[in-house]
Amino acid sequence: MGGYNELMSVHIGAASGEIADIVLLPGDPLRAKFAAEELLSDVTCYNEVRGMFGFTGTWKGTRVSIQGTGMGVPSLSIYVHELLHEYQAKTLIRIGSCGSYQADVHVNDIVIAMTASTDNAHNRLRFGGKDFAPCADFGLLRRAADLADERALRYHVGGIVSSDTFYQDDPEAWKHLANYQVLAVEMEANALYTLASAAKAHALAICTVSDSLVTREELSAEDRRAGFASMIELSLDTAVGVEA
Ligand code: HPA
């Protein structure tokens, strides 16, 4: 591969074998660093390209990687494509944050996404005008919900929306999808589910609620970190197949 180290992909500087079959995907690369250093054992950093850190370590004896994706569908799609097709990742769990669309979905709650609508064009381009309905891997979804029940975590399972616009002109626009029982908004899950489906991999998105469009409440940075830790542990146990 003309001049390039044949073992690295375009955006991930890892040799083959350095990334585990199981990959957790926070948007924020510093969250990947924090999660790997706090929770995994025997951690190595395999990627620093573009500051999008990726780490591999072990969780309860199983190899796990944690790879930052950046924000939004295009950025996540690049990393997930390379993880699936260059590094043969098999189980991908997005660990993110989301904004609540529903009065009973409170800040700090966990949202487990059964499906994700989108206003992004990638699936319109991919499916030539058909509406593909991306869905989570049922085994991962069921295990995450069972573990969340066992741990008495406040969680919700349902549809979310992966939006391209964090800041919108119309402050009421979100209410349309809220009326269709969409639980929350983030910016990536729709693409993760679509790409994983095509590669016959297992995918799930688990998000903590960092803010509410209903109440305008926002978590402080400190509360966000605390809520994130229990959600990442839930995600790790889900990914490695810990039984509830
Ligand atoms: N919009 C989009 N993504 C988000 C939000 C939001 O309000 N909160 C957390 N991720």
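Residues numbered from 1 in each chain as written. Predicted model: local features only at pLDDT ≥ 70, side-chain atom pairs only at ≥ 80, totals over all residues. Heavy atoms only, no water.

Visitor: Give a description of helix α2 (residues 73-85) that names residues and reports values.
Guide: End to end, α2 covers 17 Å across 13 residues, agreeing with the expected 18 Å (1.5 Å per residue, within 8%). For α2, the full list of buried residues reads Val73, Leu76, Ser77, Tyr79, Val80, Glu82, Leu83 and Leu84. Buried residues along α2 sit in contact with β1 (22-25), β4 (62-67), β5 (91-100), α3 (122-127) and α6 (189-198). (Helix = DSSP H or I, 4+ residues; strand = E, 2+ residues; numbered from the N terminus. Expected span 1.5 Å × (residues − 1). Buried < 20%, exposed > 50% of the residue type's maximum accessible area, 1.4 Å probe, protein only. Contact = heavy atoms within 4.5 Å.)

Visitor: I'd like a description of helix α7 (residues 221-240), backed by residues and values.
Guide: Over its 20 residues, α7 extends 28 Å from the first C-alpha to the last, a length consistent with the 28 Å expected when each residue adds 1.5 Å. Of the positions making up α7, those classed as buried are Gly227, Phe228, Met231, Ile232, Leu234, Ser235, Leu236, Asp237, Thr238 and Ala239. Glycine 241 lies just past α7 and shows a positive phi near 85°.

Visitor: I'd like to hear about the side chain of aspartate 237, residue by residue, with values.
Guide: Turning to its location among the elements, aspartate 237 is positioned in helix α7. Note on aspartate 237: relative accessible area 2%, which makes it buried. Within the local environment of aspartate 237, its side chain forms a polar contact with the side chain of tryptophan 59, the two groups lying 2.8 Å apart. Beyond its immediate stretch of four places on either side in the chain, aspartate 237 contacts Trp59, Lys60, Arg143, Leu147, Arg151 and Val242. (Polar contact = N/O pair within 3.5 Å; in protein donor to acceptor, adjacent residues only side chain to side chain.)

Visitor: Pulling in residues and values, what's your account of unusual backbone geometry?
Guide: Non-glycine residue glutamine 88 carries a positive phi angle of around 55°. Along the polypeptide, glutamine 88 turns up in the loop between α2 and β5.

Visitor: With reference to specific residues and values, describe the site of the ligand.
Guide: Taken together, Ser97, Cys98, Gly99, Phe166, Val185, Glu186, Met187, Ser210, Asp211 and Leu213 are the residues near the ligand. Serine 97 has a polar backbone atom sitting 3.5 Å from a nitrogen atom of the ligand. Taking aspartate 211, its side chain carries an N or O atom lying 2.7 Å from a nitrogen atom of the ligand. Here the ligand loses 88% of its free accessible area of 260 Å² to cover by the protein chains. Breaking the shell around the ligand down by element, the ones donating at least two residues are β5, β8 (184-186) and β9 (202-212). Considered class by class, the residues forming the shell around the ligand number 5 nonpolar, 3 polar and 2 charged. (Near = heavy atom within 4 Å. Areas by Shrake-Rupley, 256 points an atom, 1.4 Å probe, with all protein chains shown as cover. Nonpolar A, V, L, I, M, F, W, Y, C, P; charged D, E, K, R; others polar.)

Visitor: Can you break down the environment of arginine 151 residue by residue, with the values?
Guide: Tracing the chain through its elements places arginine 151 in the loop between α4 (138-150) and β7 (155-162). Looking at arginine 151, the relative accessible area reads 31%, which means it is partly exposed. Sequence separation between arginine 151 and serine 230 is 79 residues, and the spatial gap between their C-alpha atoms is 9.6 Å. Beyond its immediate sequence surroundings of up to four residues, arginine 151 is in contact with Glu233, Leu234 and Asp237.

Visitor: Run through the packing of helix α1 (residues 29-39) against α7, naming residues and quoting values.
Guide: One can describe the packing of α1 onto α7 by two numbers: an axis separation of 11 Å at closest approach and a directional angle of 65°. By the angle between their axes, α1 is roughly perpendicular relative to α7. Like other packed secondary-structure pairs, α1 and α7 cross with a definite hand, here right-handed. Here Arg31, Phe34, Ala35 and Leu39 of α1 come into contact with α7, specifically with Arg224, Arg225, Phe228, Ile232, Glu233 and Leu236. (Axes fitted to C-alpha atoms, helices over the stretch in contact; angles between N-to-C directions. Parallel < 35°, antiparallel > 145°, perpendicular 65-115°, else oblique. Left-handed = near helix turned anticlockwise from the far one by under 90°.)

Visitor: Hey, could you go over the packing of aromatic side chains for me, with residue numbers and the actual values?
Guide: By the definition in use, this model includes 4 aromatic pairs. An angle of 45° between the planes, with centres 6.1 Å apart, marks the rings of phenylalanine 53 and phenylalanine 55 as tilted. As far as burial versus exposure is concerned, phenylalanine 53 and phenylalanine 55 are alike and both buried. For arginine 31, the ring lying beneath its charged end belongs to phenylalanine 228, and the centroid distance is 4.0 Å. (Phe/Tyr/Trp six-rings, centres within 6.5 Å; stacked < 30°, edge-to-face > 60°. Lys NZ or Arg CZ within 6 Å of the ring centre and 35° of its normal.)

Visitor: Pulling in residues and values, what's your account of the pairing of β7?
Guide: Where burial is concerned, most of β7 is hidden: 6 out of the 8 residues are buried. The sheet contact formed by strand β6 (residues 110-118) and β7 spans 8 bridges and is parallel. Pairing of alanine 113 across the sheet is with glycine 158, part of β7. Pairing analysis gives 2 bridges linking β7 to β8, with the strands arranged parallel. Each residue of the ladder has a partner; that of valine 161, found in β8, is valine 185. (Pairing = 2+ DSSP bridges.)

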